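Secondary and tertiary structure notes
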Amino acid sequence: MEDFIAYLTQQLETGRRDIARLEADGRQDDADFAKVRTNIYEIARTVTMALRNRPGAGTEAVEAQFARFRAGWQTTLDKAREHGDTRNIVVEETKLSALEDIIAHFREVEK
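Below is a short write-up of the structure. Counting restarts for each chain, with residues numbered from 1 along the sequence as it is written. Whole-chain, interface and lining totals are the exception, using all residues; otherwise, since this is a predicted model, local features are given only for residues with pLDDT of at least 70 and side-chain atom pairs are given and counted only at 80 or more. Calculated side-chain values reflect all of the structure's heavy atoms, with hydrogen atoms and water omitted.

Overview of the environment of E100
Counted only if it meets this: Each helix corresponds to a stretch of at least 4 residues labelled H or I by DSSP, and each strand to a stretch of at least 2 residues labelled E; elements are numbered beginning at the N terminus. In this scheme, a residue with accessible area under 20% of its type's maximum is buried, one over 50% is exposed, and one in between is partly exposed, where area comes from a 1.4 Å probe on protein chains only.
Structurally, E100 is set in helix α4 (residues 86–110). Residue E100 is classed as partly exposed on the basis of its relative accessible area, which comes to 35%. Sequence separation of E100 and F66 is 34 residues, and the distance between their C-alpha atoms is 9.2 Å.

Structural notes on the pattern of salt bridges
Which entries qualify depends on this criterion: Throughout this description, the term salt bridge denotes a Lys or Arg side-chain nitrogen within 4 Å of a carboxyl oxygen of Asp or Glu.
Counted under the stated rule, the structure contains eleven salt bridges. Across the salt bridge formed by K35 and D32, the nearest N and O atoms sit 3.9 Å from each other. Of the two residues, K35 and D32 are both situated in helix α2 (residues 28–52); the distance of three residues between them amounts to about one turn of the helix. Given the relative accessible area of 35%, K35 is considered partly exposed. Judged by relative accessible area, D32 falls into the partly exposed class, the value being 23%. A salt bridge links R87 to D32; the nearest nitrogen and oxygen atoms lie 3.5 Å apart. Remark: D32 occurs in helix α2 and R87 occurs in helix α4; sequence separation between them is 55 residues. Since its relative accessible area comes to 43%, R87 is described here as partly exposed.

Here we look at the packing of helix α1 (residues 2–24) against α4
Defined as follows: The convention used is that axes are lines fitted to C-alpha atoms, helices contributing only their stretch in contact, and that angles between N-to-C directions extend from 0 to 180 degrees. Throughout, the term roughly parallel applies to angles under 35 degrees, roughly antiparallel to angles over 145, roughly perpendicular to angles from 65 to 115, and oblique to all others. By definition, turning the near helix anticlockwise from the far helix through less than a right angle yields a left-handed crossing, and turning it clockwise yields a right-handed one. Should any heavy atoms of two residues lie within 4.5 Å, those residues are considered in contact.
One can describe the packing of α1 onto α4 by two numbers: an axis separation of 9 Å at closest approach and a directional angle of 150°. Of the possible angle classes, the one that applies to α1 and α4 is roughly antiparallel. Crossing geometry of α1 relative to α4 is assigned as right-handed. From α1, D3, F4, Y7, L8 and Q11 reach across to α4, where they touch D101, I102, H105, F106, V109 and E110.

Quick notes on α2
Here is the rule we go by: Helix span is expected to be 1.5 Å times the residue number reduced by one.
Here α2 spans 36 Å end to end across 25 residues, near enough to the 36 Å set by a 1.5 Å rise per residue. Those residues of α2 that are buried are in contact with α1, α3 (58–82) and α4.

In structure tokens form, the structure reads like this:
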């Protein structure tokens, strides 16, 4: 899991640089979405680090938590679509997109 955690850390650093650059350019909306994406990488890293150290948890527990995130965020996205809440639609799509990247990389590294 160390390689996966290193990947998440790299994504966090890249995200933070992107946020700073976007804010410096006065592109606050883009910076806000970069913050959402970066936050997802941070959540994934925190969860992975916590489950890595839990006896009997391992990769299955990490995948199960990612699946719970996906289900919850998909539900929120569906509700935002029902209400035509454009900003929350984009936020939830951004979260799910980041999560899909995380899951794909996790499976590549951990299997």
